[in-house]
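# Residue-level structure breakdown
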Amino acid sequence: MGKVLESSLWRSSDFGTSYTKLTLQPGITTVIDNFYICPTNKRKIILVSSSLSDRDQSLFLSTDEGATFQKQLIPFSVETFIFHPRIEDKVLAYTREGKLYVSSDLGKKWTLLQERVTKDHVFWAVSGVDADPDLVHVEAQELGGGYRYVTCQVHNCSEKTLTVPFAGPIDHSSLTVQDNYIFVKATSTNQTKYYISYRRNEFVPMKLPKYALPKDLQVISTDESQVFVAVQEWYQTDTYNLYQSDPRGVRYSLVLGDVRSSRQAEESVVIDILEVRGVKGVFLANQKVDGKVVTLITYSKGRDWDYLRPPSTDMNGKPTNCKPPDCHLHLHLRWADNPYVSGTVHTKDTAPGLIMGAGNLGSQLVEYKEEMYITSDCGHTWRQVFQEEHHILYLDHGGVIVAIKDTSIPLKILKFSVDEGLTWSMHNFTSTSVFVDGLLSEPGDETLVMTVFGHISFRSDWELVKVDFRPWFSRQCGEEDYSSWNLTNLQGDRCVLGQQRSFRRRKPTSWCIKGRSFTAALTARVCQCRDSDFLCDYGFERTPSSESDANKCFANFWFNPLSPPDDCVLGQTYTSSLGYRKVVSNVCEGGVDPQQSPAQLQCPLLPPRGLQVSILGEALAVRPGEDVLFVVRQEQGDVLTTKYQVDLGDGFKAMYVNLTLTGEPIRHRYENPGVYRVSVRAENMAGHDEAVLFVQVNSPLQALYLEVVPIIGINQEVTLTAVLLPLNPNLTVFYWWIGHSLQPLLSLENSVTTRFGDTGDVRVTVQAACGTSVLQDSKVVRVLDRFQVMPLQFSKDLDAHNPNTPEWREDIGLVVSRLLSKETSIPEELLVTVVKPGLPTLADLHVLLPPPRPTRKRSLTSDKRLVAIQQVLNAQKISFLLRGGVRVLVAMRNVDTDSPSLGGGGGYWAVAVVLIGLFAVGAFILYKFKRKRPGRTVYAQMHNEKEQEMTSPVSHSQDVQSAIQGEEFIDDELHSQTLGNHSGVVLSVNSREMHSYLVG
């Protein structure tokens, strides 16, 4: 019938020698659905049962290790119980209906705490972190359908007393409370962010590398005041990257890439990383590169990784012929689905250094090979012990190792070793072969008694067999029965995580019992600090060993750790980072210190940067008369001396101080429908910033990304493109605001073309509306009358790291501009590098002219700025490193050999800006031409991202030769130190290829 009709309960109080059947309800058929043992007092047990005569479930409560039970009816159906980690009589009950109850008397009385609770996302208070031991952390669903993180005290939990530590909705099944940390995930405007709270402080975003763009994040461990997370990045499908955090869990650095993962039942993810129990800082991981899976080990909590050394001989003493670097030992790192058997690798806290695992020798891990290997010195040396996979059980602190073959056929023989796997003996544990379902040791690892349970046939009752190894040993061990071994890494270095550690092991010739009081740790001596005790600080990465400056730390191009921190306050000091930090858990003292006492620097007066104005809840559309809470945030710059001018667009204007410091929202109410331009201007003595928000009073709004060339010529046609994901053709209306106009242009296409008739900065804002969802973005376009452009290209390695997002292109362009400025001494503000969408990755360098000065004319060829840029590019001096040590070279690009961008049209259009005549300063000729033949070199002023034609309204009768002659004259005051970011000049043009030109 597919359901259990009757259960029988048996109890043994003599290590499984004999069993007594317990009768819970005489004369009543009972089904035991589950049972729970209190972790703080194992005398207390709760059985969950149901019977044909009971409408609801019943509990059977015991306080004497199951000798007697008391029945207790409950008005709900239990899904799971959660005992309090310290108070033995307090327990939470999660029901099948998603309700959460609490009991303070071991299940006799129950009180409803919360409804619509997410399964497996309920947590008791953490000792030493949460002040109130009666606090409960809960993920619950709101009536509107969203999810939120709430806390309450079990003795006073109602809607009025709930606390909401995280403002705003969170993703379903994202709440995790673990040690010092709380994790949540929140998705809004098609963007997912991960947040963390350290010791119950406010939530802050987890700072992963900027372009990780995580698809998934799994918390691996949170012990020793550090977070290990596995992140599946945008380009990964069956691998994750492993990151470790600072003590607060905010900043993360990569420790190992491409760790293999697999999907299990119910879409749970299994990641091939295993913490070796018993020795802190040791992890095993399977890395998948180019389709091959290899096993790596670290002794430094991820700083350094090595392959496992293969044994020189197999279990029969024959040579393995497996020698590095072509052959290593590889292990399967799978967890067992059955909780009563070991996984493919077995370690225990009570047996430090002892590791048994299934795997193979070779160049990579082979799925069908599961030979058994063992190490007793924490992975330094390995031995093969079996040719097939076995289930493993450690008894007496590893003094006895029991192994039973993992097979689908019945067994009656087990193997055991009393000398850490050097020799093995056989034992017939039963006269009749049984299908083994699990191994148990009671009451813990220090005992020598175990139970094998299984069944004789698939229709038979359980078969339980007690195996007692105590008769093999006649006495307790003494000090003379132990020898010591020293922990070392694979290089033989005894200083591991800053200390030399020694452990005790029983001598192979001593047949004695270690007992409950045995401790394996012997001595620990602190080492002097060395370079290997430090790793690159957050925001830095190590250069590859092939580089001349191998193992040095370089700053990631998306993060400048040398600049003052975002929260730097005028009058205070901050510590400058030199790229190094000590490994968490490393206890070394003195010796080398690559941190070299970083300097304490005064916080300067910083101008406001990254000013943002938004509506609380992230909606941009409201109803008339509805309360609106405007939140102003400032990413960088001083806040104490900054004044904030707020204009809400309907006549309300105000001046604020400490607006971003207090975080208090601005409450407002729009009475009439319409579109309102909300602006906030932040200003102090060092500079200013402005944020603009358009509010539609009729329907909700969200956000969007506007992509536009940042530099454009006066009266030059430019395309504004709204990048919308997902794109909803024929369903989305685009609103375009150019300048300060409140009357937008409307379009059904995601791009419009326009011209700017005056020089200066023009703000362009776009909104995309689809139903009740509206997205917005805003950019500032600089309109100039003169500028130059040089086409650039990158080494092909950059394409593999290109996620094809606008923000990534902006950051790459910023890096190139900074490098060129440094090498040529041209001010950085006069260089703008625009990276084009699509693949291959291409860019245009815009070289801007300095502010106007009294000028005299001189030949363009004498200008040293373009020559300087060409020289550093041709000399291959412009390059940068990406994550993983990939070096990218920047070079000049021949536009005749350009590959078309993704989604681009045919042909490459270039526009030349040149001066006409000796006295016609400021007059320009724009040439438009199509590529006809390969071989010519053109430095284009602008390449429209959609490669649309720029039509000429001017006749073709004008003299082309005069235009070329006009190229020779340009402002004489343009020194090589002042030429910067703008559009381009044609340096070599075949006049016969010019179809039309425009005189401006």
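Residues numbered from 1 in each chain as written. Predicted model: local features only at pLDDT ≥ 70, side-chain atom pairs only at ≥ 80, totals over all residues. Heavy atoms only, no water.

## Quick look at the packing of aromatic side chains
Two descriptors summarise a pair of aromatic rings, namely the distance from one centre to the other and the angle between the planes of the rings. Evaluated as defined, the whole model comprises 26 aromatic pairs. Look at tyrosine 36 and phenylalanine 81: their rings are 5.2 Å apart centre to centre, the planes differ by 75°, and that puts the pair in the edge-to-face class. In this pair, tyrosine 36 sits in strand β3 (residues 31–37) while phenylalanine 81 sits in strand β7 (residues 78–83), placing the two residues 45 residues apart along the sequence. Side by side, tyrosine 36 and phenylalanine 81 carry an identical accessibility label, which is buried. These aromatic residues form a ring-pair network of at least three members: Tyr36, Phe76, Phe81, Tyr101 and Trp110. Directly above the aromatic system of tyrosine 482 lies the positively charged group of arginine 504, at a separation of 4.6 Å from the ring centroid. (Phe/Tyr/Trp six-rings, centres within 6.5 Å; stacked < 30°, edge-to-face > 60°. Helix = DSSP H or I, 4+ residues; strand = E, 2+ residues; numbered from the N terminus. Buried < 20%, exposed > 50% of the residue type's maximum accessible area, 1.4 Å probe, protein only. Lys NZ or Arg CZ within 6 Å of the ring centre and 35° of its normal.)

## Some thoughts on the confidence of the model for the protein chain
Residue-level pLDDT values for the protein chain average 81, and 80% of them are 70 or greater. Of all the helices and strands in the protein chain, strand β73 (residues 914–915) carries the lowest mean pLDDT, 27, while strand β27 (residues 328–331) carries the highest, 97. Scored below 50 in pLDDT, residues 856–862 makes 27 contacts in the model with residues more than four places away or belonging to other chains. Low pLDDT, under 50, characterises residues 898–1000; the stretch is placed with 293 contacts to residues that sit more than four places away or in other chains. (pLDDT = per-residue confidence, 0-100. Contact = heavy atoms within 4.5 Å.)

## Here we look at the side chain of arginine 303
Positionally, arginine 303 belongs in the loop between β25 (292–298) and β26 (306–307). Within the structure, arginine 303 has its side chain in polar contact with the backbone oxygen of aspartate 531 (distance 3.5 Å). (Polar contact = N/O pair within 3.5 Å; in protein donor to acceptor, adjacent residues only side chain to side chain.)

## Re the state of the cysteines
Evaluated as defined, the whole model comprises five disulfides. In this model cysteine 495 forms its disulfide with cysteine 527; the gap between the sulfur atoms is 2.1 Å. Looking along the S-S bond of the cysteine 495-cysteine 527 disulfide, the torsion reads about -95°, which is the left-handed sense. Residue cysteine 495 is found in strand β40 (residues 495–496), and its partner cysteine 527 is found in the loop between β42 (521–526) and β43 (528–529); the two are separated by 32 residues along the sequence. Both residues of the pair, cysteine 495 and cysteine 527, belong to the buried class. Each sulfur of the disulfide joining cysteine 529 and cysteine 588 lies 2.1 Å from the other. (Disulfide = S-S within 2.5 Å.)

## Overview of the sheet that holds strand β53 (residues 627–636)
The three strands are arranged β51-β53-β56 in an open sheet whose pairing can be described as antiparallel. Sheet topology places β51 (609–615) and β56 (666–669) at the edges, where each strand pairs with a single neighbour. This sheet shows a mean twist of 25° between the axes of neighbouring strands, independent of strand direction. Direction of pairing for β51 relative to β53: antiparallel, over a ladder of six bridges. Across the sheet, the residue bridging to leucine 611 is glutamine 634, located in β53. (Pairing = 2+ DSSP bridges. Axes fitted to C-alpha atoms, helices over the stretch in contact; angles between N-to-C directions.)

## Comments concerning the sheet that holds strand β32 (residues 390–395)
Taken in spatial order, the four strands line up as β32-β33-β34-β35 in an open sheet, and their pairing is antiparallel. Taken across any chain shown, the strands that pair with only one partner, and hence form the sheet edges, are β32 and β35 (425–428). Pairwise comparison of adjacent strand axes, ignoring direction, gives a mean angle of 30° for this sheet. Pairing between strand β33 (residues 400–405) and strand β34 (residues 413–417): three bridges, direction antiparallel. Across the sheet, isoleucine 401 pairs through a bridge with serine 417, a residue of β34.

## Examining the environment of histidine 155
Mapped onto the secondary structure, histidine 155 falls in the loop between β13 (147–153) and β14 (176–178). A C-alpha to C-alpha distance of 9.8 Å links histidine 155 and serine 103, two positions 52 residues apart in sequence. With sequence-adjacent residues up to four places away left out, histidine 155 is seen in contact with Asp132 and Asp134.

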